[in-house]
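Single-letter residue listing:
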Amino acid sequence: MYSLIVPLPVAYPFLTMPLNSTHILLIDDNLRLVNLLAMELRDAGYRVSVASSGTAGLQMALNLTPDLIFLDWNLPDIDGVSVCRRLRAAHYPCPIIMMTGKSEQDCRLVCLPSGADAYLVKPFDLDALLAQVAAYQHVCGCAA
């Protein structure tokens, strides 16, 4: 008995992905980094939305209510710390992880008091980002 394996057409990539309802919002103006992260997260089966400014990210977070946000500190219009504060002032419940090139001390003194749940210092390893996602899925009960 022979079995024929036929690859799925590229037009249907969702059929080859694991089912996962976790929605991640990436807010960063570095398009090269965002495209890489979005591609890796989608390949891992996550739903991903992207915003390249603080204003757009704030609106998307409030309208889409993602399960997890990765938020850059340095954005062109509204900095990530201000976006984080505004989301927390609006009682935004989901985890927010700041991404920054600033020092760890700056992160501890500024990011965490602004309402961020954690931070990643750039450059970071992709495995560190995926570990943060897995940790928050476990803690928050998001779909795995």
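It should be noted that the structure appears before, not after, this text.
Note that the coordinates shown come from a computational prediction; the quantities given were computed from them, not determined experimentally. (Residues numbered from 1 in each chain as written. Predicted model: local features only at pLDDT ≥ 70, side-chain atom pairs only at ≥ 80, totals over all residues. Heavy atoms only, no water.)

Colleague: Hey, could you go over the overall build of the chain for me, with residue numbers and the actual values?
Modeller: Of regular secondary structure, the chain possesses five helices and five strands. Reading the chain from its N terminus to its C terminus gives the helix and strand order β-α-β-α-β-α-β-α-β-α. Put simply, 61% of the contacts in the chain that link residues at least 6 apart link residues at least 24 apart. Roughly 8,200 Å² of accessible area belongs to the chain as shown, and the carbon and sulfur atoms make up 58% of that amount. (Helix = DSSP H or I, 4+ residues; strand = E, 2+ residues; numbered from the N terminus. Contact = heavy atoms within 4.5 Å. Areas by Shrake-Rupley, 256 points an atom, 1.4 Å probe, with all protein chains shown as cover.)

Colleague: So, the environment of L37: which residues are in play, and what are the values?
Modeller: When you line up the elements, L37 lands in helix α1 (residues 31-43). Assessed through its relative accessible area of 3%, L37 is described here as buried. Once you skip the residues sitting within four places of it in the chain, L37 turns out to touch L26, M99, F124, L126 and L129. (Buried < 20%, exposed > 50% of the residue type's maximum accessible area, 1.4 Å probe, protein only.)

Colleague: Residues and numbers for the nonpolar core, please.
Modeller: Membership of the largest hydrophobic core comes to 21 residues, with the highest contact counts inside it found for I27, I69, L71, L87, Y92, I96 and M98. At four residues, helix α3 (residues 80-89) tops the list of elements feeding residues into this core. Aside from chain neighbours lying at most four places away, what touches L87 is L58, A61, L62, I69, Y92 and I96. By size, the runner-up hydrophobic cluster in this structure holds 19 residues, among which are Y46, L68, M99 and L129. (Core = buried A, V, L, I, M, F, W, Y, C linked by side-chain atoms within 4.5 Å.)

Colleague: I'd love a proper account of the pattern of salt bridges, names of residues and values included.
Modeller: Side chains that differ in sign of charge can pair as their charged atoms come close. Using the criterion set out here, one finds one salt bridge in the structure. Residue D117 pairs with R88 through a salt bridge whose shortest N-O separation is 2.6 Å. One end of the pair, D117, is in the loop between α4 (104-111) and β5 (118-121); the other, R88, is in helix α3, and 29 residues separate them in sequence. For D117, a relative accessible area of 37% translates into the label partly exposed. (Salt bridge = Lys/Arg side-chain N within 4 Å of Asp/Glu carboxyl O.)

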